[in-house]
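Each chain is listed here by its residues.
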Amino acid sequence: MITYAGNGFRMAVPCRWSRLATDQHLAVFLGSAVDGVRPSMTISRYRGSAIDAARRAREDHADRFEGHEVLHESAGRDSFYRRYAWAGRDGLRIIQHQLFAAGLVLTCSRVDSASTASDERVFVAAIRSLRVQSGQRTNSE
């Protein structure tokens, strides 16, 4: 893992994962494919409070993702964390984490498989390491 310094944030990311930016994301990190799906971590911006952004995301995901199921949620003073699952293509179950904090949302996605257990550890490290511009740590769990 290395510390990646982006536009208004810092976080730990796997040094061997690919990195890119898109119109919709400040940064995207991609690992090696498992069952045809690459684990990913994305950083994007949102407007409003973390709680409101998380509520809007939950409503959107429940409408868009077949089999959407919230596995865990917790709220901090200025942050919101959610872990959820949904049915991906070819019946693969997808696990996602989202941390909303200080105008940024970190989304981590992987196939739910024994072979992706190391990706889960990477996600937890990234979530715990996320620092926003103010330098405050965002606690999610």
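Bear in mind that the values here come from a model prediction, so they are computed numbers and not experimental data.

> Would you explain the pairing of strand S4 (residues 27-30) in this entry?
Along a regular strand, successive side chains alternate from one face of the sheet to the other. Residues Ala27 and Phe29 of S4 are buried on one face, and the alternating residues Val28 and Leu30, pointing to the opposite face, are buried as well. Alignment of strand S3 (residues 18-20) against S4, held across three bridges, turns out to be antiparallel. Within S4, the residue paired with Leu20 across the bridge is Val28. Linking S3 to S4, which pair antiparallel, is a turn of six residues. The pairing of S4 with strand S5 (residues 40-45) spans four bridges and is antiparallel. Within the sheet, the bridge partner assigned to Phe29 lies in S5 and is Met41.

> Is there a simple way to explain the side chain of His61 in this structure?
Mapped onto the fold, His61 is located in helix H1 (residues 50-64). Looking at His61, its side chain comes within polar contact range of the side chain of Tyr84, at 3.4 Å.

> Looking at this model, I keep getting lost on the sheet that holds strand S1 (residues 2-6). Mind explaining?
Strands in a sheet are paired, the pairing made by backbone hydrogen bonds, and the direction either parallel or antiparallel. The sheet built from three strands is open, its strands ordered S1-S2-S10 with antiparallel pairing. Strands with a single pairing partner mark the edges of an open sheet, and in this sheet they are S1 and strand S10 (131-132). Here strand S2 (residues 9-13) pairs with S10 via two bridges, running antiparallel. Looking at the pairing, Phe9 lines up with Val132 of S10. Along the sheet, helix H2 (residues 117-129) contacts S2 and S10; its crossing angle with S2, the most-contacted strand, is approximately 160°.

> It is not clear to me how H1 should be interpreted in this structure. Could you clarify?
Note that an α-helix has 3.6 residues per turn; residues three or four places apart therefore point the same way. Taking 1.5 Å of rise per residue, 15 residues should cover 21 Å, and H1 covers 21 Å from first to last C-alpha, within 8% of that figure. Buried positions along H1 lie against strand S7 (79-87) and strand S8 (93-101).

> What am I meant to see in the sheet that holds S8 here?
In space, the seven strands of this open sheet follow the order S3-S4-S5-S9-S8-S7-S6, with antiparallel pairing throughout. Two strands close off the open sheet at either side, each with one partner strand: S3 and strand S6 (69-75). Averaged over all neighbouring strand pairs, the angle between strand axes comes to 15°, with direction disregarded. Sheet topology note: the S7/S8 ladder contains nine bridges and is antiparallel. Bridge assignment links Phe80 to a residue of S8, and that residue is Phe100. Packing of H1 onto the sheet brings it into contact with S6, S7 and S8, and relative to S7 it is tilted by some 10°. On the sheet, H2 packs against S5, S7, S8 and strand S9 (104-111) and is oriented at approximately 175° with respect to S9.

> Help me out: how do you make sense of H2 in this one?
Under the 1.5 Å per step criterion, the end-to-end length of H2 is 19 Å for 13 residues, consistent within 8% with the ideal 18 Å. All of the buried residues along H2 are Asp119, Glu120, Val122, Phe123, Ala126, Ile127 and Ser129. Looking at the buried positions of H2, the neighbouring elements they touch are S2, S5, S7, S8, S9 and S10.

> What's the story with the nonpolar core in this structure? I'm lost.
The nonpolar side chains of a soluble globular protein tend to be buried, and buried together. The biggest cluster of nonpolar side chains holds 20 residues, and the ones touching the most others in it are Phe9, Met11, Phe29, Met41, Ile43, Leu106 and Leu130. Elements that contribute at least two residues to this core include exactly S2, S4, S5, S9 and H2. With four residues, the single largest contributor to this core is H2. Filtering out sequence-adjacent residues up to four positions away, Met11 remains in contact with Ile2, Thr3, Tyr4, Phe29, Met41, Ile43, Leu106, Ala126, Ser129 and Leu130.

Calculation notes
Residues numbered from 1 in each chain as written. Predicted model: local features only at pLDDT ≥ 70, side-chain atom pairs only at ≥ 80, totals over all residues. Heavy atoms only, no water. Buried < 20%, exposed > 50% of the residue type's maximum accessible area, 1.4 Å probe, protein only. Helix = DSSP H or I, 4+ residues; strand = E, 2+ residues; numbered from the N terminus. Pairing = 2+ DSSP bridges. Polar contact = N/O pair within 3.5 Å; in protein donor to acceptor, adjacent residues only side chain to side chain. Contact = heavy atoms within 4.5 Å. Axes fitted to C-alpha atoms, helices over the stretch in contact; angles between N-to-C directions. Expected span 1.5 Å × (residues − 1). Core = buried A, V, L, I, M, F, W, Y, C linked by side-chain atoms within 4.5 Å.

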